[in-house]
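Residues per chain are reported as follows:
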Amino acid sequence: MLIDFVPDGNLYPFESRWFDSSVGRIHYIDEGSGPPLLFCHGAPTWSFLYRHIVKDLRDRYRCIAVDYPGFGLSERPADFGYTIGEHTAVLGELIDHLQLDGFVLMGQDWGGPIGLGAVTARADRVRGIVLGNTSFWPTEAMVNRVFSMIMSSTPMQRRILEQNFLVERVLLAELGRKLTAAEADHYRMVQPTAEARAALAVTPREIRAAGPLLDQLARDVPVLLGDKPTLLVWGMRDMVFRPNACIPRMRAAFRDLDVVELPHARHFIQEHAPDVIAAAIAQRFP
(Lines give C-alpha, C1' and ligand atoms only; values in the text may rest on other atoms or scores of the structure.)
Protein backbone atom coordinates (compact mmCIF):
# COMPACT_ATOMS: atom_id res chain seq x y z
CA MET A 1 0.00 0.00 0.00
CA LEU A 2 1.34 3.39 -1.05
CA ILE A 3 0.30 6.83 0.22
CA ASP A 4 -0.78 9.24 -2.51
CA PHE A 5 -0.62 12.41 -0.40
CA VAL A 6 1.56 15.13 -1.97
CA PRO A 7 3.06 17.55 0.59
CA ASP A 8 2.69 21.29 0.09
CA GLY A 9 5.94 22.53 -1.41
CA ASN A 10 5.80 25.65 0.74
CA LEU A 11 5.61 23.65 3.96
CA TYR A 12 7.85 20.75 2.91
CA PRO A 13 10.17 22.22 0.29
CA PHE A 14 12.17 19.06 -0.32
CA GLU A 15 12.65 16.56 -3.11
CA SER A 16 11.16 13.18 -2.27
CA ARG A 17 13.57 10.28 -2.69
CA TRP A 18 12.94 6.57 -2.60
CA PHE A 19 14.82 3.45 -1.52
CA ASP A 20 13.69 -0.07 -2.36
CA SER A 21 14.45 -1.78 0.95
CA SER A 22 14.11 -5.51 1.52
CA VAL A 23 10.57 -4.98 2.83
CA GLY A 24 9.23 -2.23 0.57
CA ARG A 25 9.64 1.27 -0.79
CA ILE A 26 11.00 3.77 1.73
CA HIS A 27 10.62 7.54 1.44
CA TYR A 28 13.32 9.95 2.58
CA ILE A 29 14.71 13.40 1.89
CA ASP A 30 18.38 14.22 1.27
CA GLU A 31 18.99 17.97 1.26
CA GLY A 32 22.14 20.10 1.12
CA SER A 33 25.79 19.15 1.25
CA GLY A 34 28.46 18.91 3.90
CA PRO A 35 28.75 16.72 7.00
CA PRO A 36 25.79 14.31 6.99
CA LEU A 37 23.01 14.46 9.57
CA LEU A 38 20.52 11.59 9.77
CA PHE A 39 17.17 12.46 11.39
CA CYS A 40 14.98 9.71 12.85
CA HIS A 41 11.36 10.40 13.85
CA GLY A 42 9.15 8.63 16.36
CA ALA A 43 5.43 7.88 16.47
CA PRO A 44 3.01 9.05 15.17
CA THR A 45 5.13 11.47 13.13
CA TRP A 46 7.23 11.38 9.94
CA SER A 47 10.05 13.35 8.34
CA PHE A 48 7.77 16.41 8.19
CA LEU A 49 8.55 16.81 11.90
CA TYR A 50 12.12 17.85 10.99
CA ARG A 51 11.22 20.32 8.23
CA HIS A 52 12.25 23.49 10.11
CA ILE A 53 15.55 21.99 11.30
CA VAL A 54 16.40 20.73 7.81
CA LYS A 55 15.64 24.13 6.28
CA ASP A 56 17.90 25.80 8.88
CA LEU A 57 20.83 23.41 8.42
CA ARG A 58 20.87 22.33 4.77
CA ASP A 59 23.11 25.24 3.78
CA ARG A 60 25.89 23.71 5.91
CA TYR A 61 25.05 20.02 6.23
CA ARG A 62 23.72 17.12 4.22
CA CYS A 63 20.36 16.56 5.93
CA ILE A 64 18.69 13.17 5.56
CA ALA A 65 15.31 12.42 7.14
CA VAL A 66 13.60 9.07 6.68
CA ASP A 67 10.06 7.74 6.95
CA TYR A 68 9.93 4.20 8.37
CA PRO A 69 7.65 1.63 6.73
CA GLY A 70 4.10 2.49 7.71
CA PHE A 71 4.90 6.14 8.39
CA GLY A 72 4.85 9.25 6.24
CA LEU A 73 5.03 8.58 2.53
CA SER A 74 6.69 5.18 2.84
CA GLU A 75 4.99 1.98 1.75
CA ARG A 76 2.79 -0.09 4.06
CA PRO A 77 4.23 -3.58 3.38
CA ALA A 78 1.73 -6.43 3.59
CA ASP A 79 3.93 -8.87 5.53
CA PHE A 80 5.67 -6.53 7.96
CA GLY A 81 5.28 -6.45 11.72
CA TYR A 82 6.19 -2.76 12.25
CA THR A 83 8.20 -3.66 15.33
CA ILE A 84 11.07 -1.52 16.56
CA GLY A 85 13.51 -4.28 15.62
CA GLU A 86 12.19 -4.38 12.06
CA HIS A 87 12.37 -0.59 11.69
CA THR A 88 15.94 -0.72 13.00
CA ALA A 89 16.93 -3.22 10.31
CA VAL A 90 15.37 -1.13 7.53
CA LEU A 91 17.14 2.01 8.74
CA GLY A 92 20.42 0.09 8.69
CA GLU A 93 19.76 -0.84 5.07
CA LEU A 94 19.25 2.82 4.18
CA ILE A 95 22.45 3.88 5.96
CA ASP A 96 24.38 1.27 3.97
CA HIS A 97 22.60 2.17 0.72
CA LEU A 98 23.56 5.84 1.13
CA GLN A 99 27.08 4.82 2.20
CA LEU A 100 26.91 7.24 5.11
CA ASP A 101 30.16 7.78 6.95
CA GLY A 102 31.16 10.36 9.52
CA PHE A 103 27.50 11.15 10.15
CA VAL A 104 25.61 12.51 13.12
CA LEU A 105 22.48 10.64 14.16
CA MET A 106 19.52 12.46 15.68
CA GLY A 107 16.69 10.46 17.25
CA GLN A 108 13.59 11.50 19.21
CA ASP A 109 10.85 9.31 20.70
CA TRP A 110 11.11 5.85 19.03
CA GLY A 111 13.70 7.42 16.71
CA GLY A 112 16.16 7.12 19.60
CA PRO A 113 16.20 3.33 19.92
CA ILE A 114 15.61 2.79 16.20
CA GLY A 115 18.52 5.05 15.29
CA LEU A 116 20.83 3.79 18.03
CA GLY A 117 19.97 0.21 17.19
CA ALA A 118 21.00 0.77 13.58
CA VAL A 119 24.28 2.50 14.43
CA THR A 120 25.56 0.24 17.21
CA ALA A 121 26.45 -2.14 14.36
CA ARG A 122 28.07 0.76 12.46
CA ALA A 123 29.69 2.65 15.31
CA ASP A 124 32.93 3.25 13.42
CA ARG A 125 30.98 5.34 10.89
CA VAL A 126 29.27 7.57 13.47
CA ARG A 127 30.64 11.04 14.16
CA GLY A 128 28.22 12.00 16.90
CA ILE A 129 24.76 11.60 18.39
CA VAL A 130 21.85 13.95 19.12
CA LEU A 131 19.02 12.67 21.30
CA GLY A 132 15.85 14.38 22.40
CA ASN A 133 13.03 13.10 24.61
CA THR A 134 13.71 9.42 24.12
CA SER A 135 15.22 6.45 25.90
CA PHE A 136 17.07 3.29 24.94
CA TRP A 137 16.36 1.09 27.96
CA PRO A 138 13.26 -0.86 29.04
CA THR A 139 10.71 1.42 30.64
CA GLU A 140 10.43 1.31 34.38
CA ALA A 141 7.84 4.06 34.72
CA MET A 142 4.43 2.71 35.64
CA VAL A 143 2.71 5.48 33.66
CA ASN A 144 4.38 4.29 30.45
CA ARG A 145 3.52 0.65 31.06
CA VAL A 146 -0.09 1.55 31.83
CA PHE A 147 -0.24 3.68 28.67
CA SER A 148 1.06 0.69 26.69
CA MET A 149 -1.54 -1.63 28.22
CA ILE A 150 -4.42 0.77 27.62
CA MET A 151 -3.39 1.60 24.04
CA SER A 152 -2.98 -2.13 23.31
CA SER A 153 -6.52 -2.94 24.44
CA THR A 154 -9.09 -3.82 21.79
CA PRO A 155 -11.16 -0.62 22.18
CA MET A 156 -8.10 1.64 21.96
CA GLN A 157 -6.60 -0.29 19.05
CA ARG A 158 -9.89 0.32 17.25
CA ARG A 159 -9.69 4.04 18.00
CA ILE A 160 -6.07 4.20 16.78
CA LEU A 161 -7.00 2.50 13.51
CA GLU A 162 -10.45 3.93 12.87
CA GLN A 163 -10.20 7.40 14.42
CA ASN A 164 -6.47 8.12 14.03
CA PHE A 165 -6.31 8.56 17.81
CA LEU A 166 -2.53 8.96 18.15
CA VAL A 167 -2.47 11.80 15.64
CA GLU A 168 -5.70 13.51 16.64
CA ARG A 169 -5.68 13.04 20.42
CA VAL A 170 -1.97 12.79 21.24
CA LEU A 171 0.11 14.73 18.71
CA LEU A 172 -2.42 17.40 17.79
CA ALA A 173 -3.66 17.71 21.36
CA GLU A 174 -0.16 18.89 22.24
CA LEU A 175 0.64 20.86 19.11
CA GLY A 176 -2.72 22.16 17.96
CA ARG A 177 -2.04 25.77 18.87
CA LYS A 178 1.45 25.71 17.37
CA LEU A 179 0.43 24.34 13.98
CA THR A 180 -1.53 25.90 11.17
CA ALA A 181 -4.48 23.93 9.83
CA ALA A 182 -2.39 22.96 6.80
CA GLU A 183 0.47 21.73 8.99
CA ALA A 184 -1.91 19.65 11.09
CA ASP A 185 -3.30 18.12 7.90
CA HIS A 186 0.21 17.05 6.90
CA TYR A 187 0.26 14.80 9.96
CA ARG A 188 -3.27 13.54 9.28
CA MET A 189 -3.08 12.93 5.55
CA VAL A 190 -0.15 10.53 5.63
CA GLN A 191 -2.32 8.25 7.82
CA PRO A 192 -5.53 8.47 5.78
CA THR A 193 -7.24 5.12 6.50
CA ALA A 194 -7.40 2.37 9.08
CA GLU A 195 -5.35 0.16 6.77
CA ALA A 196 -2.66 2.83 6.49
CA ARG A 197 -2.40 3.13 10.30
CA ALA A 198 -1.23 -0.40 11.05
CA ALA A 199 2.18 0.83 12.21
CA LEU A 200 0.59 3.29 14.63
CA ALA A 201 -1.31 0.48 16.32
CA VAL A 202 1.90 -1.48 16.95
CA THR A 203 4.01 1.24 18.58
CA PRO A 204 2.19 1.35 21.96
CA ARG A 205 2.56 -2.42 22.32
CA GLU A 206 6.27 -2.10 21.64
CA ILE A 207 6.76 -0.11 24.86
CA ARG A 208 6.59 -3.51 26.57
CA ALA A 209 7.18 -5.95 23.72
CA ALA A 210 10.50 -4.37 22.68
CA GLY A 211 11.92 -4.93 26.18
CA PRO A 212 14.59 -7.46 25.07
CA LEU A 213 15.79 -5.14 22.29
CA LEU A 214 15.91 -2.18 24.65
CA ASP A 215 17.72 -4.24 27.27
CA GLN A 216 20.38 -5.07 24.68
CA LEU A 217 20.67 -1.41 23.70
CA ALA A 218 21.09 -0.42 27.35
CA ARG A 219 24.16 -2.65 27.41
CA ASP A 220 25.51 -1.88 23.93
CA VAL A 221 25.14 1.89 23.69
CA PRO A 222 27.54 2.85 26.53
CA VAL A 223 30.14 0.37 25.25
CA LEU A 224 29.93 1.03 21.50
CA LEU A 225 28.80 4.68 21.40
CA GLY A 226 29.59 6.04 24.85
CA ASP A 227 32.70 7.92 23.68
CA LYS A 228 30.95 9.66 20.78
CA PRO A 229 30.33 13.41 21.14
CA THR A 230 26.68 13.59 22.16
CA LEU A 231 24.10 16.35 22.45
CA LEU A 232 20.86 16.15 24.40
CA VAL A 233 18.08 18.57 23.45
CA TRP A 234 15.35 18.00 26.00
CA GLY A 235 11.81 19.25 26.30
CA MET A 236 11.60 19.84 30.03
CA ARG A 237 7.78 19.70 30.14
CA ASP A 238 7.55 16.19 28.66
CA MET A 239 5.45 14.00 30.96
CA VAL A 240 6.55 10.76 29.27
CA PHE A 241 10.33 11.13 29.02
CA ARG A 242 10.70 13.05 32.25
CA PRO A 243 13.99 14.92 32.44
CA ASN A 244 14.74 13.95 36.05
CA ALA A 245 14.47 10.28 35.14
CA CYS A 246 16.08 10.28 31.70
CA ILE A 247 18.89 12.84 31.69
CA PRO A 248 20.92 11.20 34.51
CA ARG A 249 20.83 7.89 32.63
CA MET A 250 22.03 9.67 29.49
CA ARG A 251 24.89 11.23 31.47
CA ALA A 252 25.88 7.78 32.71
CA ALA A 253 25.88 6.34 29.17
CA PHE A 254 27.73 9.09 27.27
CA ARG A 255 31.08 10.42 28.44
CA ASP A 256 31.24 13.47 26.14
CA LEU A 257 27.81 14.97 26.65
CA ASP A 258 26.32 18.44 26.29
CA VAL A 259 22.77 19.13 27.45
CA VAL A 260 20.49 21.87 26.10
CA GLU A 261 17.29 22.24 28.11
CA LEU A 262 14.17 23.45 26.32
CA PRO A 263 12.23 24.83 29.30
CA HIS A 264 8.87 25.35 27.60
CA ALA A 265 8.89 22.38 25.23
CA ARG A 266 6.85 19.25 25.71
CA HIS A 267 7.36 15.97 23.82
CA PHE A 268 7.47 17.00 20.15
CA ILE A 269 10.50 19.23 20.53
CA GLN A 270 11.08 19.70 16.79
CA GLU A 271 7.84 21.68 16.62
CA HIS A 272 8.35 23.56 19.90
CA ALA A 273 11.96 24.76 19.47
CA PRO A 274 13.38 23.94 16.01
CA ASP A 275 15.59 27.03 15.86
CA VAL A 276 17.20 26.27 19.22
CA ILE A 277 17.79 22.64 18.22
CA ALA A 278 19.33 23.60 14.88
CA ALA A 279 21.64 26.12 16.54
CA ALA A 280 22.69 23.57 19.17
CA ILE A 281 23.55 21.00 16.48
CA ALA A 282 25.58 23.53 14.52
CA GLN A 283 27.48 24.54 17.64
CA ARG A 284 28.15 20.97 18.79
CA PHE A 285 29.14 19.61 15.38
CA PRO A 286 30.69 22.52 13.42
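Residues numbered from 1 in each chain as written. Predicted model: local features only at pLDDT ≥ 70, side-chain atom pairs only at ≥ 80, totals over all residues. Heavy atoms only, no water.

Help me understand the packing of helix H5 (residues 154-163) against helix H8 (residues 198-209) in this model?
One way to put it is that H5 packs onto H8 with a least axis distance of 8 Å and a crossing angle of 145 degrees. Every pair of crossing elements has a handedness; the one defined by H5 and H8 is right-handed. Residues Gln157, Ile160 and Leu161 of H5 form the contact with H8, whose participating residues are Ala198, Leu200, Ala201, Pro204 and Arg205. Its residues placed into classes, the contact of H5 with H8 shows six nonpolar, one polar and one charged. (Axes fitted to C-alpha atoms, helices over the stretch in contact; angles between N-to-C directions. Helix = DSSP H or I, 4+ residues; strand = E, 2+ residues; numbered from the N terminus. Left-handed = near helix turned anticlockwise from the far one by under 90°. Contact = heavy atoms within 4.5 Å. Nonpolar A, V, L, I, M, F, W, Y, C, P; charged D, E, K, R; others polar.)

Whenever I open this one, the packing of aromatic side chains confuses me. Can you help?
The geometry of an aromatic ring pair is captured by the separation of the ring centres together with the interplanar angle, meaning the angle of the planes. Tallying each qualifying case throughout the model produces ten aromatic pairs. Between Trp46 and Phe48, the aromatic rings sit 5.6 Å apart at their centres with planes inclined by 15 degrees, giving stacked as the arrangement. Phe48 shares its class with Trp46; the two are buried. With a relative accessible area of 0%, Phe48 lands in the buried category. One aromatic cluster is present, built from ring pairs that chain together Tyr12, Phe14, Trp46, Phe48 and Tyr187. Lying over the aromatic face of Trp18, Arg25 brings its terminal NZ or CZ to 4.2 Å of the ring centre. (Phe/Tyr/Trp six-rings, centres within 6.5 Å; stacked < 30°, edge-to-face > 60°. Buried < 20%, exposed > 50% of the residue type's maximum accessible area, 1.4 Å probe, protein only. Lys NZ or Arg CZ within 6 Å of the ring centre and 35° of its normal.)

Teacher, can you tell me more about the sheet that holds strand E7 (residues 230-235) here?
Through backbone hydrogen bonds, the strands of a sheet pair up, either in parallel or in antiparallel fashion. Strand order in the open sheet formed by eight strands is E1-E2-E4-E3-E5-E6-E7-E8, and the pairing between neighbours is mixed. At either margin of the open sheet sits one strand with a lone partner, and together these are strand E1 (17-20) and strand E8 (257-262). The sheet shows a mean angle of 20 degrees between the axes of neighbouring strands, direction not considered. Two strands pair when backbone bridges link them, and strand E3 (residues 36-40) and strand E4 (residues 62-66) are joined in this way by five bridges, in the parallel orientation. Paired with Phe39 across the bridge in E4 is Ala65. Along the sheet, helix H10 (residues 243-253) contacts strand E6 (126-132), E7 and E8; its crossing angle with E7, the most-contacted strand, is approximately 180 degrees. (Pairing = 2+ DSSP bridges.)

Hey, could you run me through helix H4 (residues 142-152) in this one?
Residues spaced three or four apart along an α-helix face the same direction, because each turn holds 3.6 residues. Those residues of H4 lying buried are Asn144, Ser148, Met151 and Ser152. In an axial view of H4, the angular spread of the buried residues amounts to 100 degrees, which keeps them on one side of the axis. As for H4, its buried residues are in contact with H5, helix H6 (165-175) and H8. (Arc of directions from axis to C-beta.)

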